Amino acid sequence: MPEKGRILSKPRIFFGLTLILFSAVMALSFISYLMNWKADQSQAGTMLDKTIKSSNIFGKIGDWLGNIFIFESIGIASFIIAFLFMVVGTLILKKKIFKPWKTIGHSLFFICWLPIFMGALTKGQGVLGGVYGYQIMDYLNSIIGAVGLWTVLAASILLYFILEFNLRPSSIKSKLDKINENTIGKVKSMMPDSNDDFEADEELKEEAEEAEEETASRVTVSDISNHSPNTPINTVREPEPVSVPKGFPEVPVSADIETITTPNHTSFEAEPREVSQSVNLNLSSKPTIPVSSPEEAFDIRPSAPSSGVATAPAPTQDDIKFKVEVAPVIDILDDSEKQSQELVEKHGLYDHKLDLAKFQMPPVELLKDYGSEEISINKEELEENKNKIVGLLKNFNVGIAEIKATIGPTVTLYEIVPEAGIRVAAIKKLQDDIALNLSALGIRIIAPMPGKGTIGIEVPRKNPTMVSMRSVIASQKFQNTDMDLPVVFGKTISNEVFMADLSKMPHLLMAGATGQGKSVGINAILTSLLYKKHPSELKFVMVDPKKVELSLYSKIERHYLAKLPDADEAIITDTNKVINTLNSLCIEMDTRYDLLKNAFCKNLKEYNKKFAERKLNPENGHRFLPYIVLVVDEFADLIMTAGKEVELPIARLAQLARAVGIHLIVATQRPSVNVITGMIKANFPARAAFRVISSVDSRTILDSPGADQLIGKGDMLYFNGNEILRLQCAFVDTPEVERLAEFIGEQKGYASAFLLPEYVSEDSTSTVGAFDPNEKDALFEEAARIIVSTQQGSTSMLQRQLKLGYNRAGRIMDQLEASGIVGGFNGAKAREVIISDLHSLEQFLEDLRN
């Protein structure tokens, strides 16, 4: 064990000393940079140029550090950064020179305010305030002026001293009162009643000092050493009456005989000293004062306590022992929480990825690289469009004060600021005229721009840039996201990657005419989810009436897909199976809500966190719950063939399933009001619209026009409930999806797809035949006792109590129904239990055996 401890301490020493050394390097580099900052700044970008020599003591590394921290950041406050590295290094070495949290708090205060103060002091000249200090100072100065800036700085400094030194009025007053009381008490104790008494007291002190010297001269250590061992040393003091002058307190005098044993057991009798009987007020003779004990004269401490009548001096306030005890922390955890903590300490947190621990997430290289996607700026095209817009508006007496262009992958946004007095409606009416003048399709006017005081005119580019799926998947925004279900759509007009969290939407309604990019959009959503979520965290229920759009994902059935227990294929194409699947999802939703209710959780994220912390017992039916995403590619066909049987479970799932992690993505190419009804629209706040045929369809899907003005090929509008954004959907081709599905399918998966609860339609007749006692399940009798004792005919309860799969529990329930123990299927409710008590059940089972 000691050898292991030494091995573990070496990394601590290494990292601690490394941080301390790095802090010293930073500090020295900063000092050198401040001395030669103009030269160092010019050399900061020439790291690899050997011909240029650096003036910093640490060379170009020092130039780079000074330029990054001092010039481009926080000025001389960068020394605090170096100081913090030193503090962390000392903490790693377990040298608590500074209080960590207090030091960090003070450091953050000075890092925030010192650059601003130096920027205001130097007025932006030099590098003492850095870019941060200058920018903040300049911003505050433009808003509140110079006086306001210095007022803010003074107030922040004053607030710091008040909080640090506790300078509240009440505390200052209490401290002053305490100082006054101590001063007055000391003065009173030192001052006698008159000046004469004070002079006499001084003479008495001098006489005491002379008496001590006289006694010391009579008795020496050499005298002690000449006496025989074990002979006691007697010191005799006889009481004498003492006349005390007026104004002096009476001092009692007593005679004590004390035996003093020397270190070498030698004793002797000391000559008694005379005590002065009176004190002359004229101070003509030198008075003497009695010595209270021989130890004061000889400085010899007795080995045993004195037997005299003199009492010990009363203890002062400082002599009182003060003991502080910290009350023990009372453990208020109940037994279940203690048990969960013990399980976590023993086994660690529950890892839902353990079944597929070696599963590898797909690499970005599976997606095709289409080369550089940088937007090329055609200045001639921009200038031509600008002149046409300005000229057309001038012809209709619409003056423009300012115009700005933002170039996106597909369209260019021209933002115009009309002159005062121009009505917005006058510009909106000119949409067709602007499109005619520009000779372009897809002109869309946004009047006014949300959050801006401008009017936007979106004009398609002559040479649009394609947005590949690889570019958005490889972006830092997608790779570093912390969303639960990240969905990357593509890029905005400003060429930024646009993402949304499906768990926050919580459902998505997509519409678009044939060939406008709707299926590609679905593939982009599925691809982004497959790149981020482990198979244990996400399951798809795919409905594909076309039978060809989602068939590519059949290879990932044992990893990501969910299906009914009796289904042959995970991707559903039959309308009847779609109805059963939707109702099965409703049963799954109700089951999950029961689990959340028993676990006292509000949503799936809280529930899974509790389960991972082992606070939920799997024996009570609790399990890790993955997200379930229902994808319907052609909703119009389902409505046309099934109607209300599909609409009602879809609406119920959209209303309730969000909290239990079931989310819907519904797409259709015919967004008419008889397909997307008001009940469905009300529960789908997030909508994505590709190009549609008419403005009526655009209003159906978005509640506003605009989708009919899109140019197709992935050009889309996204509505999140607040504003409409124009996006260019990322393009993912069929071979890319195939490679992705093959990569996942070739890896080890689960034994089967995720099984949804079994659903039997209400109008279907019971398929339970005549009961054969010889073919009953081995757990038939035990299951019957559980059902009768609880009076609840539930298949899920048999699963939990007997730890069975859903198929076997369903077969046992069918046998119980055929034998007459429980009634028929009752929809979402539990079956009726016909036998009322266990005694009757045992008689019934005995008859079956015979």
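Residues numbered from 1 in each chain as written. Predicted model: local features only at pLDDT ≥ 70, side-chain atom pairs only at ≥ 80, totals over all residues. Heavy atoms only, no water.

Draft legend 1. Seen up close, the overall build of the chain. If you tally the helices and strands in the chain, you get 29 helices and 17 strands. In the chain, which comprises 850 residues, the share counted as buried stands at 41%. Long-range contacts, defined here as pairs at least 24 residues apart, represent 67% of the contacts in the chain between residues at least 6 apart. For the chain, the exposed surface amounts to about 48,300 Å²; the carbon and sulfur share of it is 55%. (Helix = DSSP H or I, 4+ residues; strand = E, 2+ residues; numbered from the N terminus. Buried < 20%, exposed > 50% of the residue type's maximum accessible area, 1.4 Å probe, protein only. Contact = heavy atoms within 4.5 Å. Areas by Shrake-Rupley, 256 points an atom, 1.4 Å probe, with all protein chains shown as cover.)

Draft legend 2. How the structure looks around the packing of helix α26 (residues 780–790) against helix α28 (residues 806–819). Contact geometry for α26 and α28: axes closest at 10 Å, N-to-C directions at 75°. As judged from the angle between their axes, α26 and α28 are roughly perpendicular. Where α26 abuts α28, its residues F780, A783, A784 and I787 lie against I812, M813, Q815, L816 and S819. Grouping the constituent residues of the contact of α26 with α28 by class yields seven nonpolar, two polar and no charged. (Axes fitted to C-alpha atoms, helices over the stretch in contact; angles between N-to-C directions. Parallel < 35°, antiparallel > 145°, perpendicular 65-115°, else oblique. Nonpolar A, V, L, I, M, F, W, Y, C, P; charged D, E, K, R; others polar.)

Draft legend 3. Fine view of the sheet that holds strand β14 (residues 686–689). Ordered by their spatial adjacency, nine strands build an open sheet running β8-β7-β16-β15-β14-β9-β13-β12-β10, and the pairing between neighbours is mixed. Two strands lie at the open edges of the sheet, namely β8 (497–501) and β10 (538–543), each paired on one side alone. Here the average twist between neighbouring strands, direction ignored, is 30°. Of the pairings in the sheet, the one linking strand β15 (residues 715–719) to strand β16 (residues 724–729) comprises five bridges and is antiparallel in character. Its bridge partner lying in β16, D715 is registered against Q728. Across the sheet, helix α19 (residues 575–599) lies against β10, β12 (627–632) and β13 (662–668), angled at about 155° from β12, the strand it touches most. (Pairing = 2+ DSSP bridges.)

Draft legend 4. Region of interest: helix α27 (residues 795–802). The complete set of buried residues in α27 reads T795, M797, L798 and L802. Looking straight down α27, one finds that the buried residues subtend no more than 155° of arc, so they occupy a single side. Lining the buried residues of α27 we find α26 and α28. The first or second residue beyond α27 is K803, which carries a positive phi of 60°. (Arc of directions from axis to C-beta.)

Draft legend 5. Inspection of the side chain of T454 at higher detail. Note that T454 resides in the loop between β5 (444–446) and β6 (455–460). There is a polar contact of 3.1 Å between the side chain of T454 and the side chain of E415. Once residues within four sequence positions are removed from consideration, T454 is found in contact with E415, I416, V417, P448 and M449. (Polar contact = N/O pair within 3.5 Å; in protein donor to acceptor, adjacent residues only side chain to side chain.)

Draft legend 6. Broad picture of the packing of aromatic side chains. If you walk through the whole model with that rule in mind, you get 13 aromatic pairs. Seen in terms of ring centroids, F30 and F69 are 5.8 Å apart; in terms of plane orientation they differ by 55°. Their pairing is tilted. Remark: F69 occurs in helix α3 (residues 59–74) and F30 occurs in helix α1 (residues 2–35); sequence separation between them is 39 residues. Owing to a relative accessible area of 0%, F30 belongs among the buried residues under this scheme. A relative accessible area of 22% places F69 in the partly exposed class. Taking the centre distance of 6.2 Å and the plane angle of 65° together, the rings of Y370 and F731 count as edge-to-face. (Phe/Tyr/Trp six-rings, centres within 6.5 Å; stacked < 30°, edge-to-face > 60°.)

Draft legend 7. Inspection of the pattern of salt bridges at higher detail. Inspection of every chain in the model, using the stated rule, returns 29 salt bridges. Across the salt bridge formed by E415 and K452, the nearest N and O atoms sit 3.5 Å from each other. Here E415 is found in strand β4 (residues 411–418), whereas its partner K452 is found in the loop between β5 and β6, with 37 residues between them in sequence. Classification of E415 by relative accessible area gives buried; the value is 5%. The class for K452 is partly exposed, based on a relative accessible area of 42%. Via salt bridges that share partners, K776, E781, R785, E842, E846 and R849 belong to a single interconnected network. (Salt bridge = Lys/Arg side-chain N within 4 Å of Asp/Glu carboxyl O.)

Draft legend 8. Summary view of the packing of helix α4 (residues 78–92) against helix α5 (residues 100–122). Here α4 crosses α5 at 170°, and the two axes come no closer than 10 Å. Relative to α5, the element α4 lies roughly antiparallel. Across the interface between the two elements, I80, I81, F83, L84, V87 and L91 from α4 touch P100, T103, S107, F110 and I111 from α5. Grouping the amino acids of the contact of α4 with α5 by side-chain chemistry returns nine nonpolar, two polar and no charged.

Draft legend 9. Local environment of unusual backbone geometry. The amide bond that connects A447 to the next residue, P448, takes the cis arrangement and shows omega of -10°. Turning to its location among the elements, P448 is positioned in the loop between β5 and β6. The omega torsion across M505 and P506 is -5°, close enough to zero to call that bond cis. With respect to the secondary-structure elements, P506 resides in the loop between β8 and β9 (508–511). Not every positive phi belongs to a glycine, and K547 is a case in point at roughly 70°. Along the chain, K547 falls in the loop between β10 and α18 (557–560). One non-glycine residue, F600, adopts positive backbone phi at about 55°. Looking at the secondary structure, you find F600 in the loop between α19 and α20 (604–612).

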